[in-house]
Structure formats: structure tokens, C-alpha cells
Amino acid sequence: MAEKKGYVATSKFLIASPTKVRPVARVINHKPCTLAMAVLANMPQKGARLISATLKSAIANALYANDKLDEDMLYVKEIRIDEGPRLKRVWFRARGRADRLLKRMCHITVIVDEKAGE
């Protein structure tokens, strides 16, 4: 029998480095959604805003899909920060030289699920 996946929300092609977003994601993994939203609201990182928007979407997906769910019973089951494509730009330097500037992108996937019956 397959395990229940949960309620998923995905944000793709966000211009933020995955290595900078992953530490923010580790803070809220396996935490209740209400606590995770409060923690993200008080973090100064750009990644916290991006994850917060995706988490709000996952919570809305869960509440819309099932009328009996309570927002207080939801928790962050899994959060993945995958690497996306890179924008390659020219960075002009001194003496007529140029370097390549890589603007990294990430894909954020948040899975929320209901806590086990207590």
C-alpha cells in the first residue's frame, strides 16, 4: 500500500541561490505550519519570503481539498529546494575584460500533511 503523499505546492524559477535558501528551509522542516509561518515572518533572508509564499499555497491547497482539516493540525512534512537553470550574464571588469555572472535559480517544493490522530 502506497504512503499518502500530502498536499503539495511548488514555486519554480525563483531567482535565489539554492545554497542560500536551504538553511532557511531546514529551520522549518517537520514543524507545525502555524509555527513555521511565524518563524519565516521574523527571518530577514529573502529565502524566507519565497518559502513563506509557497507554504501559504500548500496550506491553502490542503484546506481547499479537504473541508474537515484544521490549519492547526497541519505540519511541514517535507520541503525541497532544487536547483534550477542559471541565467548567464556578462559582468564587465577593468581593462576591457569581462567575467561571467551566474544568476542562480531554485525550485521550492513544500509538502504539508495532517498530524497523526492524537
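Anyway, here's the lowdown on the structure attached to this text. Computed from a predicted model, the values in this text were never measured in an experiment.

### Focus on the packing of helix α1 (residues 18-28) against helix α3 (residues 46-65)
Geometry of a packed helix pair, given as the angle between the helix axes and the separation of the axes. Running from N to C, α1 and α3 cross one another at 55°; their axes reach a closest spacing of 8 Å. Between α1 and α3, the angle is such that the two are oblique. With respect to the hand of their crossing, α1 and α3 are arranged in right-handed fashion. Of α3, the residues touching α1 (which contributes Val21, Val24, Ala25 and Ile28) are Gly47, Ala48 and Ile51.

### Considerations on the packing of helix α2 (residues 33-41) against α3
Contact geometry of α2 with α3 gives a least axis separation of 9 Å together with a crossing angle of 155°. Here α2 lies roughly antiparallel to α3, going by the angle between them. Of the two elements, α2 crosses α3, and the hand of that crossing is left-handed. Mapping the contact onto sequence places Cys33, Ala36, Met37 and Leu40 in α2 and Ala48, Ile51, Ser52, Leu55, Lys56 and Ile59 in α3. Across the contact of α2 with α3, the residue classes tally to 8 nonpolar, 1 polar and 1 charged.

### Observations concerning the nonpolar core
Counting residues in hydrophobic clusters, the biggest one holds 28 residues, and the most contacted among them are Ile51, Leu55, Ile79, Ile81, Ile108, Val110 and Val112. Of all the elements, α3 adds the most residues to this core, at 7 residues. Beyond its immediate chain neighbours, meaning those up to four positions away, Leu55 contacts Cys33, Ala36, Met37, Leu40, Val76, Val110 and Val112.

### Points about the pairing of strand β2 (residues 74-92)
The side chains of a regular strand alternate, first on one face of the sheet and then on the other. Where β2 meets strand β3 (residues 98-114), 16 bridges bridge the pair, whose relative direction is antiparallel. Across the sheet, Val90 pairs through a bridge with Arg100, a residue of β3. Taking the residues that link successive antiparallel strands as the turn, the β2-β3 hairpin has 5 residues, and the phi of Arg95 there is positive, at about 60°.

About the cut-offs
- Residues numbered from 1 in each chain as written.
- Predicted model: local features only at pLDDT ≥ 70, side-chain atom pairs only at ≥ 80, totals over all residues.
- Heavy atoms only, no water.
- Axes fitted to C-alpha atoms, helices over the stretch in contact; angles between N-to-C directions.
- Helix = DSSP H or I, 4+ residues; strand = E, 2+ residues; numbered from the N terminus.
- Parallel < 35°, antiparallel > 145°, perpendicular 65-115°, else oblique.
- Left-handed = near helix turned anticlockwise from the far one by under 90°.
- Contact = heavy atoms within 4.5 Å.
- Nonpolar A, V, L, I, M, F, W, Y, C, P; charged D, E, K, R; others polar.
- Core = buried A, V, L, I, M, F, W, Y, C linked by side-chain atoms within 4.5 Å.
- Buried < 20%, exposed > 50% of the residue type's maximum accessible area, 1.4 Å probe, protein only.
- Pairing = 2+ DSSP bridges.

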